[in-house]
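Read off the chains here:
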Amino acid sequence: MKKISLILLTLMLFTGCGQVAEEVTGQESHPHEEGVSADHGHADEAAGDSHEDMSLAEHAQNLAQFAIGPNGEYETNDFDALEFLTTWNFNNLAEDERAKFYKETALDDGTLLREYWFNVEEVTIEVAPGVYYPAWSYNGQVPGPTIRATEGDTIKIHFKNNASKPHTVHFHGYHSSSQDGTGGEEEDKIMLPGESRDYEFKAEPFGSHVYHCHSYPVSQHIAKGLYGAYIVDPKVDTRPKADKEFVMVMNGFDTDFDGANDFYAVNTRAFAYNYQPIHVKKGELVRIQLSNMLEFDPINSFHLHANFFDEYPTGTKLDPENFTDTITMGQGERSILDIRFREEGMYMFHSHVSELAELGWTGMFMVE
Amino acid sequence: MIMFKNMFQNAKFRLILAFLLPVVFIAALVWFFVQKGTFGVLEGNFPPVEKIFFERVVFEPEKITLGVLNDGPESVKISQLIVNDVVWRFKMEPSNELKPLERAKINLYYPWVEGDPLAFKLVSANGVAFEKEVDVSFLSPVLDSKYIKTFVLLGLYVGVIPVLLGLLWFPFLRRLRGGAYMFLLSLTVGLLVFLGFDALAEAIELIGEVPSTFNGVGLLVIGFLLAIFALGVVTYKTQHIGESKGEHVKSLLWAYLIAFGIGLHNLGEGLAIGSAYAIGEATLGATLVIGFMAHNLTEGIAIVSPLTKTLLGRSKIVMHLLVMGILAGAPTIIGSLIGGFAYSPILAILFLAIGVGAIFDVSFDILHYMYRKNEKGLFTPVNVLGFLAGLMIMYGTGFLVLG
């Protein structure tokens, strides 16, 4: 009995060793990996689309195109991304509502006194479908309300801080140091919660500008949403007349507060103009007032498919200085882009920093 | 009325009442808090504490499945998925919202590249991000006959056979005389203690892979003590056997206990090998198999050492040895099957901890016996040498386990 078991054992040993070695040395060796447990794969319920029944080859080719992108739809409609494009001086509001925030008064020299009522409010906004961000805003919206004036007008901002931290508003444009919004002077203190003051300056030079909070730390106050567009039209405008004008503020949001943006967008909502393409007509002059208020990332960019545009850097000259389809922008930079679409169709526009595009800063023009 | 009075005088009834009354009060209090709130004591504007634990990542051709568990105190709604800094569409089952301790599967079609790393980021409705990194992408093993065969063979040749081979030294060990028995016992203890710490270290490493709500440390402690108490009960109940039937029966029992403890340790080893192979961490080349064989050979020696005192007949011994060999070695098969196909760090910690407990319990048992037997005390040169030899043999054969 003992001898038999001995023989059996030895036999098993030799055959077995060979078998196992043969079975498994065929496998590739992989470098060390941490912390992943792999289960066996099931032919699970698919990610639910019509391409489930495609062959694997087709799958592999078309796959990423259909699988990429945001999940689901936006849940709230307190901010209309399409409406923001063409809204300035609160022109989207009914007259009585508008009067609470904007007032025009003609002055003797032919210019206008434009008064704005700006309140800093803390508000939760939806920055990607189903993802919410606790933002600081001017008048409950990010970007803040677009201000538009003609060169030479007087602008007066009635500023009130309804939030829980100190805030200001600081304009890019000519102004006196007491209107700077940086707390550097006695007359220019940073407004504590509940405080209010007026900022007053002339709308000059003409161009595409921005405003933002300059309370400290500035990076935080900008990142949290306190910025907006400030457009000054030239008194004598020799530029071709635009058929459509769109305000686009490039921005991004750090939803997990780790010092890097998680989602990017133009006008706050990631992929907004994929969900709702911008409609324009073939041949008409589309003018974009573009600004970059992206925090944390040093470079942003704007790229348009299949078409080229005239660029007026900062919009401060009446002649375009560039004819291209891709521009680069640092933080705080802005430009005016004049586009004429040559053909009908759908054309993507997005950051050519591809990472930012695939995290939300992408959209579509629908040309009819 | 009289009935109630009688009831109250019944001692048993009063006992039950004494237990139930506080329970009723507590229940009422809890109900009250749930309904009415805690009167502002614990209220506060705390941001939600959200935690997601990634349990597994499964790769199929052009498709990835993430297994996640809500490891935190609050519900979490997953709104977006970002893969390598690209927002990606996904389907989450059963739903996008996970209550505490609920699990879900996230399916995405993704053109992953073999060998490339991947970074997954889940973003909740509150903007909180949960990240998971995969260092190397590769196809997950599928449960088919080829893989089962592989793991059964693996378990056989890494577990069962080496142990049986170690048992082959039995005739030699049996013929040793005198102090050699003590040397053998201390050798055994040395081997066992090394194994025990080895398994303990592995179990501790796994604590980080267990969702914190499952309390890896708790599992370890429970497993460890469970083994000690269970084996303690077995030893206690069989104590009288030793007294009545003689030393040699006791040594047979020891051998079985050692085999059992080693079996559990090998279960853990199997789990480790199986899962490592399944996630591509280990190449199961010939070197690894041979290394493990040498390593586990010594386990066979540990099992037979106490048996040298036995008075059983040849065929009976052989039968016992075979059983012990299978008891010690077969769990490697089971372990590697589970580890390869249904790996759970919770099970792994539990089994490893039980193994550790079993091993230490048996070691202590043997030491206790040696102490009682030796008038000179436990730390004779022979014993110490034996113990160190056991440690060194285990350490040395460990070098052979490459991969």
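Residues numbered from 1 in each chain as written. Chains lettered and ligands numbered in written order. Predicted model: local features only at pLDDT ≥ 70, side-chain atom pairs only at ≥ 80, totals over all residues.

**Details of the overall build of chain A**
For step 1, the next point in the chain: Check the secondary structure of chain A and you find 7 helices and 20 strands.
For step 2, the next point in the chain: Pairs at least 24 apart in sequence give 69% of the contacts found in chain A among residues at least 6 apart. (Helix = DSSP H or I, 4+ residues; strand = E, 2+ residues; numbered from the N terminus. Contact = placed C-beta atoms within 7 Å.)

**Quick look at the overall build of chain B**
For step 1, the next point in the chain: Of regular secondary structure, chain B possesses 11 helices and 9 strands.
For step 2, the next point in the chain: Residues classed as buried in chain B amount to 46% of the 403 residues present. (Buried ≥ 20, exposed ≤ 12 C-beta atoms within 10 Å, placed from the backbone.)

**A closer look at unusual backbone geometry**
Residue and element names in this part refer to chain A.
For step 1, the next point in the chain: Here V142 and P143 are connected by a cis peptide whose omega angle stands at -5°.
For step 2, the next point in the chain: Inspection of the secondary structure assignment puts P143 in the loop between β3 (131–138) and β4 (147–150).
For step 3, the next point in the chain: Residue Y216 is joined to P217 through a cis peptide bond whose omega torsion reads -5°.
For step 4, the next point in the chain: With respect to the helices and strands, the residue P217 is situated in the loop between β8 (207–212) and α5 (218–223).
For step 5, the next point in the chain: With a phi close to 55°, F257 is a non-glycine residue in the positive phi region.
For step 6, the next point in the chain: Relative to the helices and strands, F257 resides in the loop between β10 (244–253) and β11 (263–266).
For step 7, the next point in the chain: By the C-beta count within 10 Å, which is 15 here, F257 ends up partly exposed.
For step 8, the next point in the chain: Of note in the backbone geometry, F271 takes a positive phi value of approximately 60° without being a glycine.

**What to know about helix α2 (residues 11–36) of chain B**
For step 1, the next point in the chain: Under the 1.5 Å per step criterion, the end-to-end length of α2 of chain B is 38 Å for 26 residues, consistent within 8% with the ideal 38 Å.
For step 2, the next point in the chain: Judged by how many residues are buried, α2 of chain B sits mostly at the surface: 0 of 26 residues are covered. (Expected span 1.5 Å × (residues − 1).)

**With respect to the packing of helix α3 (residues 145–167) of chain B against helix α9 (residues 314–341) of chain B**
Residue and element names in this part refer to chain B.
For step 1, the next point in the chain: It is at 8 Å that the axes of α3 and α9 come closest, and there the two elements cross at 150°. Of the possible angle classes, the one that applies to α3 and α9 is roughly antiparallel. Note that α3 runs across α9; the crossing there is right-handed. Counting all contacts with α3, which are made through Y147, F151, V152, L154, G155, L156, V158, G159, V160, V163, L164 and L167, the residues of α9 involved are L321, G325, I326, A328, G329, A330, P331, T332, I333, S336, L337 and G340.
For step 2, the next point in the chain: Broken down by class, the residue content of the contact of α3 with α9 amounts to 17 nonpolar, 7 polar and no charged. (Axes fitted to C-alpha atoms, helices over the stretch in contact; angles between N-to-C directions. Parallel < 35°, antiparallel > 145°, perpendicular 65-115°, else oblique. Left-handed = near helix turned anticlockwise from the far one by under 90°. Nonpolar A, V, L, I, M, F, W, Y, C, P; charged D, E, K, R; others polar.)

**Let's talk about the environment of L165 of chain B**
Residues and elements named next belong to chain B.
For step 1, the next point in the chain: Among the secondary structure elements, L165 is positioned in helix α3.
For step 2, the next point in the chain: Looking at L165, the number of C-beta atoms within 10 Å reads 19, which means it is partly exposed.
For step 3, the next point in the chain: Separated by 135 residues in sequence, L165 and G300 have C-alpha atoms that sit 6.9 Å apart.
For step 4, the next point in the chain: When residues no more than four places from it in sequence are discounted, the contact partners of L165 are L297 and G300.

**Focus: the sheet that holds β11 of chain A**
Strand pairing in a sheet relies on backbone hydrogen bonds. The paired strands run either parallel or antiparallel.
All names here are of chain A.
For step 1, the next point in the chain: The strand order across the open sheet built from 6 strands is β11-β10-β13-β18-β15-β16, with neighbouring strands paired in mixed fashion. Two strands close off the open sheet at either side, each with one partner strand: β11 and β16 (322–324). Averaged over all pairs of adjacent strands, the angle between their axes in this sheet comes to 25°, without regard to strand direction.
For step 2, the next point in the chain: In this structure, β10 lies alongside strand β13 (residues 285–292), joined through 7 bridges in parallel fashion. Bridged to M250 within β13 is N292. (Pairing = 2+ DSSP bridges.)

**Looking at the sheet that holds strand β14 (residues 300–304) of chain A**
All names here are of chain A.
For step 1, the next point in the chain: In spatial order, the strands read β12-β20-β19-β14-β17; together these 5 strands make up an open sheet with mixed pairing. Two strands bound the open sheet, and with one partner strand each, they are β12 (278–280) and β17 (326–329). On average, adjacent strands in this sheet sit at an angle of 20° to one another, irrespective of strand direction.
For step 2, the next point in the chain: Pairing between strand β19 (residues 345–350) and strand β20 (residues 362–367): 6 bridges, direction antiparallel. Along β20, the bridge assignment pairs G345 with V367.

**Brief notes about α3 of chain B**
For step 1, the next point in the chain: An ideal rise of 1.5 Å per residue puts 33 Å on 23 residues; α3 of chain B measures up with 31 Å between its terminal C-alpha atoms.
For step 2, the next point in the chain: The principal kink in α3 of chain B, of about 35°, is found at L156 of chain B. (Bend = angle between axes of the 7 residues up to and from the residue.)

**Brief notes about the environment of I317 of chain B**
For step 1, the next point in the chain: Along the chain, I317 of chain B falls in helix α9.
For step 2, the next point in the chain: Placed 10 residues apart in sequence, I317 of chain B and L307 of chain B show a C-alpha to C-alpha distance of 9.0 Å.

**Describing the pairing of β8 of chain A**
A regular strand carries its side chains on alternate faces of the sheet.
Residue and element names in this part refer to chain A.
For step 1, the next point in the chain: Counting buried positions over the 6 residues of β8 gives 6, a clear majority of the element.
For step 2, the next point in the chain: Alternating positions in β8 separate into two faces, G207, H209 and Y211 on one and S208, V210 and H212 on the other, with burial throughout.
For step 3, the next point in the chain: Where strand β6 (residues 170–171) meets β8, 2 bridges bridge the pair, whose relative direction is antiparallel. Within β8, the residue paired with F171 across the bridge is Y211.
For step 4, the next point in the chain: Of the pairings in the sheet, the one linking β8 to strand β9 (residues 227–233) comprises 6 bridges and is antiparallel in character.

**Brief notes about the packing of helix α5 (residues 179–206) of chain B against helix α10 (residues 345–373) of chain B**
Residues and elements named next belong to chain B.
For step 1, the next point in the chain: Two numbers describe how α5 lies on α10: the axes approach to 8 Å, and their chain directions differ by 155°. Compared by their axis directions, α5 and α10 come out roughly antiparallel. Handedness of the α5/α10 crossing: left-handed.
For step 2, the next point in the chain: Broken down by class, the residue content of the contact of α5 with α10 amounts to 22 nonpolar, 4 polar and 1 charged.

**A look at the confidence of the model for chain A**
For step 1, the next point in the chain: On average, chain A scores 87 in pLDDT, and the residues at 70 or more come to 83%.
For step 2, the next point in the chain: Contacts of residues 20–53 of chain A to residues separated by more than four positions or lying in other chains number 77 contacts, the stretch itself having pLDDT below 50. (pLDDT = per-residue confidence, 0-100.)

**Some words on the confidence of the model for chain B**
For step 1, the next point in the chain: For chain B, per-residue confidence averages 81 on the pLDDT scale, and residues scoring 70 or more make up 85% of the total.
For step 2, the next point in the chain: Predicted confidence in chain B is weakest over helix α1 (residues 2–9) of chain B, with a mean pLDDT of 68, and strongest over strand β3 (residues 76–83) of chain B, with 96.

**Comments concerning the pairing of strand β1 (residues 102–106) of chain A**
Residue and element names in this part refer to chain A.
For step 1, the next point in the chain: In terms of burial, β1 is largely open, as just 0 of its 5 residues are buried.
For step 2, the next point in the chain: Bridge count for β1 against strand β2 (residues 112–128) is 5 bridges, and the pairing is antiparallel. Looking across to β2, one finds that A106 is bridged to L112.
For step 3, the next point in the chain: In this structure, the hairpin formed by β1 and β2 is closed by a connection of 5 residues, where G110 is found at a positive phi of approximately 90°.

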